[in-house]
Amino acid sequence: MLTSTVTGTQTFATAYLERLAGKVIPEEHAVLTAEDARATYFRDADALEVKQKIHDRFRTNPKALHDHLLEALALRGTEELLDLGCGNAFVLERLRPHLAAGHLTGVDISPAMLAAARRRLAGVATPCEWIEGSADRLDALVDDTFDRVMCVYTAHYVADLDRCFAEARRVLRPGGRFLLTTDRPDSMVEMYDVHLRALRALNGPAHLARASSKARISLTNGHRHLAPHFDQVQLLEWQDQLQFADVQPFLDFYRASYHCSAASGPAPAPPSLLAALEERVTAAVAEVIATYGYFAVTKFSGTFICS
Ligand SMILES: C[S@@+](CC[C@H](N)C(=O)[O-])C[C@H]1O[C@@H](n2cnc3c(N)ncnc32)[C@H](O)[C@@H]1O
């Protein structure tokens, strides 16, 4: 059974955005294997760090990601929490004070991310464990171990989604919760619009013009993937909007995004194309800022709460 709630004070959905999304978001989506993810985009934690910081600085929803997660996690402070695709532990660092008497376990495919996570939480009193591995192969973890399992902006990279959710269910204690946080495929449509227009104008390679891999599993189709594994699935949605009054921080955000920068991944764009893309994207964004005062990037996010 799926129940659905939209939370937060900020709603940015407009008829204009809907029309734009219908026009811009391609049908076909990109696929990144775990091996490619580790070897290319997630070989270091730099791009993720840039995106997290810029997102936090330019968001207009007063609630941050961890506020929404806390609502979905409903922690008492003693839980054992497993984070699948923990990245650099930016999120875990903010959840940790709510688990002072609990325990954290982070799993990630990327050794560089785990090193960053270990550094970030070094010396905290809450016990932390870091495991290198894929979210669809949790053989190292025992059945019925965790009170909460979460997978935040990671599932779209996981090769075997069915096995990932079966594994999450297996390691979850009876009465526990699994959280899957993801986006709508048209989230950040304004960024895709300037990027794809520039790519088309430059006759860029077709494989760079696919929708983000988030279309693999998103707020739109997540329930279909989760329903076979959980009795109850609730969806908590929220919106946010990054507003950039200067081009440079937007450009840093754009560069750090795998899909838009086209700079990493198994078949990256040549440097000359990247430079030309950035030039066109800069001009388009500067024009919007000159006209409206800022360039907006609207995010449609949510968490499936499964039990
Ligand atoms: C976009 S980041 C999200 C990190 C963190 N959850 C957050 O929200 O800040 C995605 C993370 O998933 C990891 N990842 C990608 N494929 C994975 C897989 N198959 N299993 C586990 N982690 C994976 C990447 O290394 C990266 O750290």
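Look a little higher up for the structure.
Residues numbered from 1 in each chain as written. Predicted model: local features only at pLDDT ≥ 70, side-chain atom pairs only at ≥ 80, totals over all residues. Heavy atoms only, no water.

Quick look at the side chain of Asp-108 now. Position of Asp-108 relative to the elements: it lies in strand β3 (residues 103–108). For the buried Asp-108, no salt bridge exists, and the shortest N-O distance to an oppositely charged side chain is 8.2 Å, to Arg-38. Looking at Asp-108, its side chain comes within polar contact range of the main-chain nitrogen of Gly-87, at 2.8 Å. Looking at Asp-108, its side chain comes within polar contact range of the main-chain nitrogen of Ser-110, at 2.9 Å. Sequence-distant contacts of Asp-108, that is, excluding residues within four places in its chain, are made with Gly-85, Cys-86, Gly-87, Met-113, Leu-114, Ile-131, Glu-132 and Gly-133. (Helix = DSSP H or I, 4+ residues; strand = E, 2+ residues; numbered from the N terminus. Buried < 20%, exposed > 50% of the residue type's maximum accessible area, 1.4 Å probe, protein only. Lys, Arg positive; Asp, Glu negative; His and termini not counted. Salt bridge = Lys/Arg side-chain N within 4 Å of Asp/Glu carboxyl O. Polar contact = N/O pair within 3.5 Å; in protein donor to acceptor, adjacent residues only side chain to side chain. Contact = heavy atoms within 4.5 Å.)

The subject of this paragraph is the packing of aromatic side chains. Summed over all chains, the structure comprises nine aromatic pairs. Ring plane angle 80° and centroid distance 5.1 Å describe the contact between Phe-42 and Tyr-157, whose orientation is recorded as edge-to-face. Taken as a pair, Phe-42 in the loop between α2 (34–39) and α3 (46–58) and Tyr-157 in the loop between β5 (146–152) and α7 (161–171) lie far apart in primary sequence, 115 residues in all. On the basis of relative accessible area, Phe-42 is assigned to the buried category, the value being 13%. An aromatic cluster of three or more residues is present, and its members are Phe-58, Phe-244, Phe-250, Phe-253, Tyr-254 and Phe-295. Across from the ring centre of Phe-90, 3.7 Å away, lies the NZ or CZ of Arg-94, which sits over that ring. Note that Arg-184 overlies the ring of Phe-300, its terminal NZ or CZ placed 3.8 Å from the centroid. (Phe/Tyr/Trp six-rings, centres within 6.5 Å; stacked < 30°, edge-to-face > 60°. Lys NZ or Arg CZ within 6 Å of the ring centre and 35° of its normal.)

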